[in-house]
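Summary of structural features
Okay, here's what each chain looks like letter by letter:
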Amino acid sequence: MQSLWHISLNKYDCKQNRKYETIFTLANGYRGFRGTQDFSKKGECGNFIAGIFDKNDAQVTEIVNCQNPLVLNIYFDSEAVDIDNSEVLEYERTLNMQEGVLYSKYTLKLPSGRIVNVQVERFVSRNNVHRWAEKYVITPVNFSSKMFVENIIDGTVTNSSLDPYYKTKHFEVVGLYDLKPGIALKTVTIDNKIEIVEASTLFHLNTHGNIFTNRKFGKFGEIAREIYEAFVKEGREYTLVKYGVTYTSRDTKDDILALAKEELSEYIREGYDFEKDKHVEYWKKLWDDIDIQIKGDDPAQRGLRFNLFQLSSSAYDGDERVSIAAKALHGEGYKGHVFWDTEIFMLPFFIYTNPKVARTLLMYRYNTLDGARKNAALNGYKGAQFPWESADDGTEVTPKWGFDYDGNPVRIWTGDEEFHINADIAFAVWEYYRATQDREFLDNYGTEIILDTAKFWSSRLEYNKEKNRYEINKVIGPDEFHEHVNNNVYTNYLAKWNMKKALEIVEILKKENPVLLSKLCIKLGLSDLDFDEWQRKLQLIYIPMAKDGKLIEQFEGYFDLADIPITEYDENGMPKWPDLKGHKLHDTQLIKQADVVMLMLLLGDEFDLESKKINYEYYEKRTMHKSSLSPSMYSIMGLVVGDTHNSYKYFMKTVYTDLEDNQGNAAFGLHAASTGGSWQSAVFGFGGFSVDKEEIPNFNPWIPEVWSELNYKINWRGSRIKVSVNKDTVKLSSDKRTEVKVYGKKYVIEENNVLEIPRM
Ligand code: IFM
């Protein structure tokens with residue numbers, strides 16, 4: 001039986017290499033290595049270091065695919081080990097998520113008839129983010145011969161390597177070094193001159209003495225290599241370790257080559273097992289915080305763990321200048337840009353399991369406020385306008401042009417019109433504060449974000465004199481099938497929320513910290529006049545509603561569009577395109593992803609159950625889920641309104657987004673928002689966790705028939721609450737006395753006691 005901690009692949013198909021590079025990516029927040037297939041040139045290598053962006057002659061600033069230090073070639077005499085040119089007798093790659101180690105086992109029959117068995121371990125250390133390693137155990141099964149092992153750092157890497165036209169090189173190789181032991185290759189990015197050093201070396205781990213009889217260093221243009229020679233005997237195992245170290249000039253002002261050399265020596269001295277043990281230990285502690293157990297449903301358990309593993313691999317608390325990209329550190333998709341995906345989909349996971357990382361992610365937005373202010377000024381607005389797509393400095397980097405499925409150029413409007421991100425970020429700041437009560441963050445950073453986005457909204461509102469209301473026109477809401485729409489409810493509602501929250505904070509500061517308020521007012525150019533104006537304007541923000549007052553109109557005029565509901569579903573229960581009867585997609589009520597339903601989840605307290613039900617039922621029939629951000633939201637709302645069957649379906653769809661590649665683009669990187677959606681669907685959905693207006697944690701769990709138990713943990717204002725749900729009971733415990741509500745009724749969990757309530 002496959003372990004519930006393992007993701008395994010047992011059959012080699014080079015056409016799947018790119019997809020599995022994403023699935024088997026190993027990352028530690030500082031960097032990500034795509035899970036490239038050993039001994040194959042087919043695929044798209046990826047070495048992404050968080051925060052290293054460059055434009056050069058690319059369309060927009062993008063994450064740099066840095067020099068590749070993972071290359072290792074083996075030759076027997078002059079015959080190269082090449083999986084694509086061999087008969088694959090045995091093949092297994094397993095991502096051990098509990099340890100954070102990728103294990104591979106291959107038995108290959110080379111064209112000459114030589115049979116070789118190779119076992120590989122790879123990890124990217126979470127203990128020391130600058131370190132990574134690979135261990136190779138090589139067994140010549142039916143021959144003895146000379147063996148050459150070539151350790152390479154490849155500086156020929158480009159971005160978009162599979163696209164002949166858009167291929168771009170973002171760095172120059174400025175040095176190749178023989179470190180004796182080891183090699184290093186230094187590059188410098190084109191625009192910002194960021195220096196990057198990759199250093200690595202090979203060591204054998206054999207009890208019977210040094211196997212290498214020769215070693216030679218070589219510079220091959222942009223490639224640094226060291227080659228080792230040995231004589232290997234039939235049936236014997238030879239163990240080699242490749243140690244790797246990475247430093248960039250973003251990390252330190254010191255000489256990064258000297259630093260990498262020093263670190264490499266220290267690393268070799270400490271040894272592979274030392275670092276691996278610390279890395280595994282780190283993951284053990286992490287799993288204690290993040291794991292969710294689903295008993296009775298192995299596919300759900302394994303799939304969910306994959307999402308938790310990859311999401312927590314994508315961030316750490318060591319750098320406040322970076323965030324998580326839509327494709328995380330797992331691929332070049334969306335050019336390494338950060339979207340609302342982080343704040344609305346991924347952040348809750350960090351808020352409730354590892355608040356230090358959540359704070360770091362929000363600090364990225366604080367640290368890019370100047371870029372956001374530039375965007376606002378450029379577009380004729382005030383305050384801070386966060387970019388729809390963000391890279392290193394907060395200026396807008398959404399490409400203006402892209403291609404449709406038929407390869408026709410299409411104008412991309414999201415960077416011009418998808419304004420809701422400003423309120424999403426403000427909302428996330430408050431969510432973090434509400435859960436942590438981190439007043440230091442709110443005072444020094446969060447408030448500035450909330451005030452400056454409120455200032456932006458105030459300048460963005462358009463007064464409709466005739467109707468005496470404020471409108472936000474020509475926007476794209478979360479549903480991106482409809483562009484240039486007026487008064488998208490999600491956008492308007494959250495803009496109003498943003499302005500209201502800003503005013504609430506102003507009132508608090510007036511009482512509790514007027515000095516801070518006046519400092520902020522001076523910094524942001526605000527006064528009581530602005531606050532009065534915001535107050536007046538927000539009352540008049542237009543929220544389109546249907547005539548009955550319950551069904552919300554996604555945007556003005558939406559109900560006038562052709563109504564072509566979805567009637568057919570594929571074998572996974574996902575919508576099939578209905579016949580558009582000659583209409584253009586944007587002239588129909590079909591939507592790409594959750595929009596009104598999202599709003600009702602974010603601001604759950606503002607809508608009654610009946611409204612949620614009515615809107616869920618209406619929009620569910622019209623949502624195509626063409627974004628991986630969508631199914632998780634319908635899963636959670638489905639549970640709220642009692643559509644449990646679809647909830648489970650949407651949960652599994654979310655959890656398997658990358659593993660089953662159900663959006664068809666896993667090759668380009670992780671669907672990071674969907675990893676966050678998986679956590680939300682498990683905890684906010686089945687786990688029934690929410691926070692109400694009284695700011696009390698509520699638990700209203702429901703679990704499917706096939707689940708015998710669901711266990712999860714959350715951090716709430718310094719307490720750690722453990723939740724365990726089975727068919728009969730809900731059990732809650734906490735390390736501190738905590739007030740909660742279970743199925744709507746108030747209880748107190750006494751410190752280190754278990755509160756047991758019958759299941760509803
Ligand atoms: O942010 C999302 C958007 O909501 C849908 N298209 C993809 C983007 C990046 O994941």
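Please refer to the structure placed before this passage.
As a starting point, this report considers the structure included with it. (Residues numbered from 1 in each chain as written. Predicted model: local features only at pLDDT ≥ 70, side-chain atom pairs only at ≥ 80, totals over all residues. Heavy atoms only, no water.)

Quick look at the site of the ligand
- Looking at the ligand, the residues that line it are Ala326, Tyr334, Phe339, Trp340, Asp341, Trp388, Glu480, Lys592, Gln593, Ser627 and Leu629.
- The contact in question runs from a nitrogen atom of the ligand to an N or O atom on the side chain of Glu480, over 3.2 Å.
- In the environment of the ligand, an oxygen atom lies 3.0 Å from a nitrogen or oxygen atom belonging to the side chain of Gln593.
- Relative to its unbound accessible area of 280 Å², the ligand is 92% covered by the protein chains.
- Among the residues making up the shell around the ligand, the classes are represented as six nonpolar, two polar and three charged. (Near = heavy atom within 4 Å. Polar contact = N/O pair within 3.5 Å; in protein donor to acceptor, adjacent residues only side chain to side chain. Areas by Shrake-Rupley, 256 points an atom, 1.4 Å probe, with all protein chains shown as cover. Nonpolar A, V, L, I, M, F, W, Y, C, P; charged D, E, K, R; others polar.)

Thoughts on the environment of Cys14
- For Cys14, the position within the fold is in the loop between strand S1 (6-9) and helix H1 (17-23).
- Accessibility expressed as a relative area gives 27% for Cys14, which makes it partly exposed.
- Not counting residues within four places of it along the chain, the set of residues in contact with Cys14 comprises Lys42 and Asp84. (Helix = DSSP H or I, 4+ residues; strand = E, 2+ residues; numbered from the N terminus. Buried < 20%, exposed > 50% of the residue type's maximum accessible area, 1.4 Å probe, protein only. Contact = heavy atoms within 4.5 Å.)

What to know about the packing of helix H16 (residues 631-641) against helix H17 (residues 644-655)
- Two numbers describe how H16 lies on H17: the axes approach to 8 Å, and their chain directions differ by 155°. By the angle between their directions, the pair H16 and H17 is classed as roughly antiparallel. Between H16 and H17 lies a crossing of left-handed hand. For the pair H16 and H17, the contacting residues are Pro631, Ser632, Tyr634, Ser635, Gly638 and Leu639 in the first and Thr644, Ser647, Tyr650, Phe651, Lys653 and Thr654 in the second.
- Looking at the contact of H16 with H17 residue by residue, the classes come out as five nonpolar, six polar and one charged. (Axes fitted to C-alpha atoms, helices over the stretch in contact; angles between N-to-C directions. Parallel < 35°, antiparallel > 145°, perpendicular 65-115°, else oblique. Left-handed = near helix turned anticlockwise from the far one by under 90°.)

So, the nonpolar core
- Counting residues in hydrophobic clusters, the biggest one holds 186 residues, and the most contacted among them are Phe76, Trp340, Phe651 and Leu732.
- Considering each element in turn, this core owes the most residues, 12 residues, to helix H11 (residues 489-512).
- Ranked by size, the runner-up nonpolar core spans 18 residues in total, among them Val101, Val241, Leu264 and Tyr272. (Core = buried A, V, L, I, M, F, W, Y, C linked by side-chain atoms within 4.5 Å.)

What about the layout of surface pockets?
- Roughly 1,200 Å³ of internal volume is contained in the second largest pocket.
- If you go around the second largest pocket, you meet 42 residues; those closest to its centre are Leu601, Gly604, Asp605, Ser690 and Val691.
- Elements represented by at least two residues in the lining of the second largest pocket include exactly helix H5 (340-353), helix H9 (421-436), H11, helix H14 (596-602), helix H15 (609-620), H16, helix H18 (672-686) and strand S24 (689-691).
- At six residues, H5 tops the list of elements feeding residues into the lining of the second largest pocket. (1 Å grid on protein atoms, 1.4 Å probe; cavity = no way out; pocket = protein on both sides within 12 Å on 5 of 7 lines; lining within 4 Å. Points joined across faces, edges and corners; volume = space filled by probe spheres on them.)

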